[in-house]
Amino acid sequence: MDESRNLTIVQGLREALREEMLRDESVFVMGEDIGIGGSFLFTLGFLDEFGPERVMNTPISEVGFVGMGVGAAIEGMRPVIDFQYGDFLITAADQVIQQAAKLRYMSGGQVEVPLVFQLPTGASGRGAQHSNSLETVFFGVPGLEIVTPSSPYDAKGLFKSAVRSQNPVLFCVHKHLYGSRGRNLAHRDTSTGLVPDGEDYTIPFGVADIKRAGTDVTVVANLLMLHRSLKVASGLADEGISVEVIDPRTLVPFDLDSVIASVEKTGRLVLVDEGPRKGGWSAHVAAEVAEKGLMYLDAPIERVTSLDTPMPYAPGLEEAVVPSTDDIEAAIRRII
Amino acid sequence: MDESRNLTIVQGLREALREEMLRDESVFVMGEDIGIGGSFLFTLGFLDEFGPERVMNTPISEVGFVGMGVGAAIEGMRPVIDFQYGDFLITAADQVIQQAAKLRYMSGGQVEVPLVFQLPTGASGRGAQHSNSLETVFFGVPGLEIVTPSSPYDAKGLFKSAVRSQNPVLFCVHKHLYGSRGRNLAHRDTSTGLVPDGEDYTIPFGVADIKRAGTDVTVVANLLMLHRSLKVASGLADEGISVEVIDPRTLVPFDLDSVIASVEKTGRLVLVDEGPRKGGWSAHVAAEVAEKGLMYLDAPIERVTSLDTPMPYAPGLEEAVVPSTDDIEAAIRRII
Amino acid sequence: MVLIRRFELRVNELFLRGLIPGTIHLSHGQEATAAGTCLALETNDRITITHRGHGQALAKGVTAESMMAELFGKATGCCGGRGGSLHVGDMSVGALPAIAIVGASSPIATGMALAYKRKNTGQVVANFFGDGTANKGDWHESMNLAAIWDLPVVFVCENNLWAVSTHISDTMRVEHVADRAVAYGMPGHTIDGNDPVAVYDTVATAVDRARSGGGPTLVECLTYRRGGHKRDDPATYRPTEEVDAWLADDPIERFRTTLLNGIMTHAQLKTIEEDVDAELDAAVAAAEAAPVPDPRTVEDHVYG
Amino acid sequence: MVLIRRFELRVNELFLRGLIPGTIHLSHGQEATAAGTCLALETNDRITITHRGHGQALAKGVTAESMMAELFGKATGCCGGRGGSLHVGDMSVGALPAIAIVGASSPIATGMALAYKRKNTGQVVANFFGDGTANKGDWHESMNLAAIWDLPVVFVCENNLWAVSTHISDTMRVEHVADRAVAYGMPGHTIDGNDPVAVYDTVATAVDRARSGGGPTLVECLTYRRGGHKRDDPATYRPTEEVDAWLADDPIERFRTTLLNGIMTHAQLKTIEEDVDAELDAAVAAAEAAPVPDPRTVEDHVYG
Ligand SMILES: Cc1ncc(C[n+]2csc(CCOP(=O)(O)OP(=O)(O)O)c2C)c(N)n1
Ligand SMILES: Cc1ncc(C[n+]2csc(CCOP(=O)(O)OP(=O)(O)O)c2C)c(N)n1
Ligand SMILES: [Mg+2]
Ligand SMILES: [Mg+2]
């Protein structure tokens, strides 16, 4: 592949949205201040290219424009709604949980709601109200699809699938992984990557990706935690500990089969999730494995999660709450 | 105890609120149409006894009056907010998740938010938008306490603790368990019960109650599912299968020790939760046991939950979604 | 209007006989608002429906048969039995299945209007809502967004003075919901919602305006519930004088008088009533006979 | 006002030097609104603070020292380092730690006012918010609730014409936020927010009204951000003429001229500036020297 195509996630997303908008007239994007690119520069340049009808700057009215997305989707449009911080979607939770996710079902299949939310997620030094893990908050809602990409290649392919999905999709990207200009980019070595040029590929939902193969222990991690886990895995390799790192890529649907197949091989499972300890995808996966894969386990299932606190502001406190590479390594060592 | 004191849950709650309002001037109640008792007649007669200043009928403005509850609590009041259906709290999710739950922490302990939500929860034949398990929706939010009483005695004692708590409390009561006039009351034999007269008792949060002792398998269940589980347990007793039924009573804090102690004894665990399969308290408890109590398990951890669908209206479909006594019995038999 | 009235009374009866599960919110007394509004719309225009939505749905053309079956929770219902009374609707006649969360349909209607504008279809959507709904932030945001983007939506308030047991004068300091339109730079009208002609005229003007790119209008129709909020509510909280005055002003009786004044004959009206009764008899019979949904399909329609 | 201005410029500098983590929203240019409002309040009155809240907090009496330490994420900060720039505040001087979700503080302020009314304390709360916030349903619901219950709250809009990069004229069809007060039956005033005396006078009247049981008032203060929305925003979306006109109307320069007109001398003003600089030097030094919060305390204050 063309080495100049070593992109960041936001670049991959931007390409995906642009290509989808060129391909399909019904795709449009709305959100706050997206005329200047939005908070993570996801729509940088789009207003010039597509004009204000397809790149709609909204007032600060989340219930209003999320509900509008639902209505426009019902009537055949494919809205993409950009959030400056995914946290603000909580102010429109009813439109997500009670409307978007349920209208298809409660109408007996009469309507569908193809709608994508672009949601910066996770902690990034901004304190309690700007650090929710949206993929945790909305995890248990039937009718939603939830995507958490961790590489530019995945992000682009998954985003195209999101736009083409007939369901509401929460597309959650960690704030430290976009790589937008002026923003902190964590783990540049693993969080940037090659993306093919001009190829219209998609990545299906519900297919996990083994980001690193291994035989001694299975680690399932996503978003920022995937990169921390990869780092730990490569450190442990020097000691001869072989860690398999699985990126579920989508949380709903979740590729449980791949996780269980890996556990069957390794006998050990560590789940790494930036959300708080109570609930979230990692609790669900642990529960599923404890029911369907208990016979393969040679050790307790370890979960590495944030502490059950709101997110503190001071950098040292935030570090104490969110799983670190040390925490991940310790969990692996506990069961090996 | 006085046999005439065989109460329903709503009677227990009403007594608790009344006694707390008499005891403490700062307690007041607000909500929609509570002047006529509210949807489940929780405040029946309160307007006459306490007047409109302490029994505030609100407009349909959930964000507004929930936020007002937060503000009033900060300034030393103890608001109780009554919901007609807990589902409508989702329209005020930001005030719960981002404000009430976090203000104490992000202010460094400068403020506290003692605030109780009275939330009818679960499915009751009204279709998708009136059947959310609120205890699932808000389960993972650090800073909230979540209570799910299943008997009048517990309800009264827990409600008093809720009013006296310094934290925001979601007090979730199953719609089929109130026993309000004109409403369906499920499992009258176990869901009504004796409540002592004139005794100012409280039940602490985080202490599970063994509703039925047993030795072969541990069932943890709450709300309507507790009563279904008790029914199954008494049926299985005839076959000589001894089921221990634990009612966690509060989900946050959760009394994990009691569950693990029971599993140590029985070696088998079934969790019964009306919420959908993905997430919720039962996934969390399964994950915790798979981490901290794996060595005690002689069989996979079974979870019996609703299907991952919005709630359908037709009675036969709702029954297919929500765990039945048959589903619970089958899960127990699978691991015994 | 006669169909709505008799449908509601029939439903009430069936409910009391235990044939309809769940809960119901009847709209008898408010027929003129639903009928007048929907008459001003084309078939491919849309409405959004409230929790008190049977009348709105019938007025837009949802059949009594498919709706009755839905209320019975049958597979032949307009939502296949998945919706129930709180979610009736039929997209094939332009009636979005009802949204039972107060205020939540206003932004959705606004978004539907956005789609019409973008796709240049010339369609219009009427968003029904109640007086109590105008205190919900969702509604406020929608009014503003529709206004700034000149979207083809007509906001139709069924102001029946009460939100459950709470009188409008206890929830707002303005007299009329339409007084709030000015905050969004939108025209607002308060009209007699028990006069189907007045409703038709005002909504038709608003629809024309919307269709021609003139943007949204708020039409507030003054009307009244003839019953309680829902089936088990005796509505004793309403002052007798108010109830008496409004019940005396029955939209159907009034319109009957108008029609008998040279437009239609007694015999013609009688025929309408008989047709309606026959239609309802058939609807009930069909609903009773229809199969319940197959539980094995319960996971259909969660995802597409 | 001088303290606010210099605090903000100092913070900007420290941020660029990498000493302040997180993000910051500066309020220089808007000093007169914060100062005029808080001067009209008693110490035991309250304010709620926005994301752009340093000025509001300082005006209410939060010390530069405790706020600077908070911005540095230090244990001595007003929120013990748990809050940061987005959540500054100090209840001991009546400043509720800031709420960074747009619109969310309005219902909370309204509820605080309810407590004062119920407990008969005679207190008043001023709820600061921006022009962009008036499009949020949360705000709408609060305005209405405060109005129907005559609660002692003053809604103070800092209308700086922009919400991030979005001009007020693109988000509402009315010219002024205060034009919306009529929808709630509440008095609304639009005033020169760069004139501390005008702000003081109007807010003081509103506070008196609130304190005496007259209910809430909406005061819209026209003002301007001297910088971008946040630290990395060059604000190039704003038209040059608009920027030039507003920057020329500096509230501090203007008030200086007023004061020099016989009220204070150059020397006195100079002393103020020197005192402020000394205070800020001390605040920065203290913040730099202060300890970071102990990670072992990280789980404190989740529950009480
Ligand atoms: C957000 C929300 N809050 C509360 C309810 C419960 N509820 C259903 S209808 C209703 C009253 C609605 O009043 P109004 O808008 O005037 O309509 P009406 O019932 O008079 O037709 C209420 C409070 C709800 N469905 N949704
Ligand atoms: C609910 C919500 N949506 C979006 C944001 C992101 N945001 C922070 S400040 C801001 C602009 C606010 O504008 P305005 O109310 O005019 O205040 P100003 O910044 O001009 O002081 C936005 C969109 C937020 N914090 N909360
Ligand atoms: Mg009404
Ligand atoms: Mg502004």
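Residues numbered from 1 in each chain as written. Chains lettered and ligands numbered in written order. Predicted model: local features only at pLDDT ≥ 70, side-chain atom pairs only at ≥ 80, totals over all residues. Heavy atoms only, no water.

(A) The arrangement of the environment of Met68 of chain A in detail. With respect to the element layout, Met68 of chain A can be found in helix α3 (residues 62-74). Sequence spacing of Met68 of chain A and Pro315 of chain A is 247 residues, and the spatial spacing of their C-alpha atoms is 38 Å. Leaving out residues up to four positions away in the same chain, Met68 of chain A has contacts with Met30 of chain A together with Pro107, Thr110, Gly111, Leu114, Leu145, Trp149 and Leu151 of chain C. (Helix = DSSP H or I, 4+ residues; strand = E, 2+ residues; numbered from the N terminus. Contact = heavy atoms within 4.5 Å.)

(B) Main features of the interface of chain A and chain D. At the junction of the two partners, chain A supplies 31 residues and chain D supplies 36 residues. Contact between chain A and chain D buries roughly 2500 Å² in total, counting both sides, with carbon and sulfur atoms accounting for 61%. At the boundary of chain A with chain D, the tally comes to one salt bridge. Glu62 of chain A is paired through a salt bridge with Lys136 of chain D; the nearest N and O atoms lie 2.6 Å apart. At the junction of chain A and chain D, the tally comes to 11 residue pairs in polar contact (both at pLDDT 80 or more). (Buried area = accessible area lost by both parts, 1.4 Å probe. Salt bridge = Lys/Arg side-chain N within 4 Å of Asp/Glu carboxyl O. Polar contact = N/O pair within 3.5 Å; in protein donor to acceptor, adjacent residues only side chain to side chain.)

(C) Representation of helix α1 (residues 9-23) of chain A within the structure. Compared with the 21 Å implied by 1.5 Å per residue over 15 residues, the 21 Å span of α1 of chain A between its first and last C-alpha is a close match. Listed as buried for α1 of chain A are Ile9, Val10, Gly12, Leu13, Arg14, Glu15, Ala16, Leu17, Glu20 and Met21 of chain A. (Expected span 1.5 Å × (residues − 1). Buried < 20%, exposed > 50% of the residue type's maximum accessible area, 1.4 Å probe, protein only.)

(D) How the structure looks around the site of ligand 2. Near ligand 2 you find 20 residues, and of these Glu62 of chain A together with His51, Arg52, Thr133 and Asn160 of chain D are the closest. More than one chain lines the surroundings of ligand 2; the residues nearby belong to chains A and D. In this structure, Gly132 of chain D approaches ligand 2 through a main-chain N or O atom, which is 2.9 Å from an oxygen atom. Protein burial of ligand 2: of its 580 Å² of free accessible surface, 97% is covered by the chains. Grouping the constituent residues of the shell around ligand 2 by class yields eight nonpolar, seven polar and five charged. (Near = heavy atom within 4 Å. Areas by Shrake-Rupley, 256 points an atom, 1.4 Å probe, with all protein chains shown as cover. Nonpolar A, V, L, I, M, F, W, Y, C, P; charged D, E, K, R; others polar.)

(E) Molecular detail of empty space enclosed by the protein. On inspection of all chains with the given rule, the structure shows 12 cavities of 30 Å³ or more. Of the volumes computed, that of the largest cavity is approximately 650 Å³. Every residue lining the largest cavity is counted, 48 residues in all, and those nearest its centre are Thr136, Val137 and Gly140 of chain A together with Thr136 and Val137 of chain B. Looking at the lining of the largest cavity, the elements that each hand over two or more residues are α6 (134-137) and β13 (269-276) of chain A together with α6 (134-137) and β13 (269-276) of chain B. Per-class residue counts for the lining of the largest cavity are 22 nonpolar, 20 polar and six charged. Taken together, 13 residues line the second largest cavity, and the ones lying closest to its centre are Thr50, Ile99, Ile101, Val102 and Gly103 of chain D. Ranked by residue count, the leading element in the lining of the second largest cavity is strand β3 (residues 125-130) of chain D, at three residues. Tallied by class, residues from the lining of the second largest cavity come to seven nonpolar, six polar and no charged. (1 Å grid on protein atoms, 1.4 Å probe; cavity = no way out; pocket = protein on both sides within 12 Å on 5 of 7 lines; lining within 4 Å. Points joined across faces, edges and corners; volume = space filled by probe spheres on them.)

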